[in-house]
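The lines below spell out each chain.
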Amino acid sequence: MKQVWVFDFDGTITRRDSLLEFIRFASGNGRFCLGFLLYSPLLVLMKLRLYPNWKAKQKVFSYFFRGKTTAEFDALCRSFVEEKRSLIRPEAAEKIAEGRRQGVQVMVVSASVDNWVQPFFPSVKVLGTKVEVADGRLTGRFLTRNCYGAEKVNRLKEVLTDPREAYHIVAFGDSRGDKELLEYADEGYFRPFG
């Protein structure tokens with residue numbers, strides 16, 4: 001049986017939401033506040049579950065990053081990782097390292113954009129939300145469905161191509177967006193790192 005450890009990113013591996021941290025890092029405090037002020041009605045509707053999570057996230061993402069070249073965006077992502085390593089919980093990093101030492105297949109499955117998640121763990125498979133690019137520039141839209149809730153399980157199934165019984169899956173999560181993943185796993189740990 002193949003051992004697979006699957007980690008959520010935001011809140012499980014990180015101390016805070018990486019999308020907000022990344023936007024603030026990339027845009028500065030002034031533009032960050034202006035953007036969230038502009039989209040606050042949508043964000044309130046999203047919190048009340050009257051507007052889809054993915055749609056609100058895509059609109060906010062588009063406001064800040066639409067039109068950037070992929071080179072610019074990826075450079076921002078690498079700089080973000082270099083400056084924000086403190087976002088990573090040491091106990092989460094150690095658990096990931098432990099899995100790798102044991103030869104376990106370790107993955108991060110996240111609603112965050114994989115461009116800034118992957119550089120934190122270059123030797124780990126990241127299944128994140130992918131951004132759409134046209135003519136070398138970000139369109140502001142997502143190429144894949146927002147990797148949240150049931151979509152985390154769907155993305156995992158795309159990668160683990162053997163029959164389900166061939167795997168022993170251990171999942172780590174911290175929020176409603178991880179519920180389906182934790183239920184799908186053989187062992188699911190909610191808020192495992194405090």
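Basis of the calculations
Residues numbered from 1 in each chain as written. Predicted model: local features only at pLDDT ≥ 70, side-chain atom pairs only at ≥ 80, totals over all residues. Heavy atoms only, no water. Helix = DSSP H or I, 4+ residues; strand = E, 2+ residues; numbered from the N terminus. Rg over C-alpha atoms; globule rule 2.2 N^0.38 Å. Buried < 20%, exposed > 50% of the residue type's maximum accessible area, 1.4 Å probe, protein only. Contact = heavy atoms within 4.5 Å. Areas by Shrake-Rupley, 256 points an atom, 1.4 Å probe, with all protein chains shown as cover. Patch = residues over 30% accessible without salt bridge, like charges linked within 9 Å, V, L, I, M, F, W, Y side chains within 5 Å. Salt bridge = Lys/Arg side-chain N within 4 Å of Asp/Glu carboxyl O. Pairing = 2+ DSSP bridges. Axes fitted to C-alpha atoms, helices over the stretch in contact; angles between N-to-C directions. Phe/Tyr/Trp six-rings, centres within 6.5 Å; stacked < 30°, edge-to-face > 60°. Lys NZ or Arg CZ within 6 Å of the ring centre and 35° of its normal. Polar contact = N/O pair within 3.5 Å; in protein donor to acceptor, adjacent residues only side chain to side chain.

Caption draft 1: Looking closely at the overall build of the chain. Tallying secondary structure elements over the chain gives 8 helices and 7 strands in all. In terms of overall dimensions, the chain is globule-like: its C-alpha atoms have a radius of gyration of 17 Å, near the 16 Å expected for 194 residues. By its C-alpha atoms, the chain is 50 × 35 × 35 Å across when sized along the principal axes. Across the 194 residues that make up the chain, the buried fraction comes to 46%. Considering only residue pairs separated by 6 or more positions, the chain has 64% of its internal contacts joining residues 24 or more positions apart. Carbon together with sulfur atoms contributes 52% to the accessible area of the chain, which is approximately 9,800 Å² in total.

Caption draft 2: Local environment of a nonpolar patch on the surface. A grouping of Val44, Leu45, Leu48 and Leu50 is seen on the molecular surface, where their side chains present a nonpolar patch of about 380 Å² in accessible area. Residue position: Leu50 is located in the loop between helix 2 (40-47) and helix 3 (53-65).

Caption draft 3: Representation of the sheet that holds strand 6 (residues 167-173) in the model. Across the sheet, which stays open at both edges, the 5 strands sit in the order 3-2-1-6-7 with parallel pairing between neighbours. Edge strands, defined here as strands with exactly one partner in the open sheet, are strand 3 (125-129) and strand 7 (187-190). Within the sheet, the average angular offset between the axes of one strand and its neighbour, ignoring direction, is 15°. Along the sheet, helix 5 (residues 90-101) contacts strand 1 (2-7), strand 2 (105-113) and strand 6; its crossing angle with strand 1, the most-contacted strand, is approximately 165°.

Caption draft 4: Seen up close, the packing of aromatic side chains. Applying the stated criterion across every chain, the model contains 19 aromatic pairs. Geometrically, the ring pair formed by Phe65 and Phe73 is edge-to-face, given 5.5 Å between the ring centres and 70° between the ring planes. Per residue, the accessibility class of Phe65 equals that of Phe73, and both read buried. Sitting above the plane of the Tyr184 ring, Arg164 keeps its charged end 4.8 Å from the centroid.

Caption draft 5: Fine view of the pattern of salt bridges. For the coordinates displayed, the defined rule picks out 12 salt bridges. The salt bridge involving Lys152 is made with Asp8; its shortest N-O contact spans 2.8 Å. Of this pair, Lys152 sits in helix 7 (residues 150-159) while Asp8 sits in the loop between strand 1 and helix 1 (18-38), and the two are 144 residues apart along the sequence. Two residues, Glu183 and Lys179, come together in a salt bridge whose shortest N-O distance is 2.9 Å. Residue Glu183 and its partner Lys179 are both found in helix 8 (residues 179-184); the two are separated by 4 residues, about one turn of the helix. On the basis of relative accessible area, Glu183 is assigned to the exposed category, the value being 54%. The class for Lys179 is partly exposed, based on a relative accessible area of 41%.

Caption draft 6: Expanded view of unusual backbone geometry. The phi dihedral of Arg49 is positive, around 65°, even though this residue is not glycine. Here Arg49 is to be found in the loop between helix 2 and helix 3. Positioned with a positive phi, Asp135 is a non-glycine residue whose angle comes to about 55°. Within the secondary structure, Asp135 is located in the loop between strand 4 (131-134) and strand 5 (137-142).

Caption draft 7: Just helix 7, in detail. Along helix 7, the residues that are buried comprise Glu151, Lys152, Val153, Arg155 and Leu156. Check the buried side of helix 7 and you find it contacts strand 1, strand 2, strand 3, strand 6 and helix 8.

Caption draft 8: The side chain of His168, seen in detail. Tracing the backbone through its elements, the reader meets His168 in strand 6. A polar contact of 2.7 Å, which involves the side chain of His168, links it to the side chain of Glu187. Setting aside anything within four residues of it in sequence, one finds His168 in contact with Met1, Lys2, Gln3, Val4, Asp186 and Glu187.

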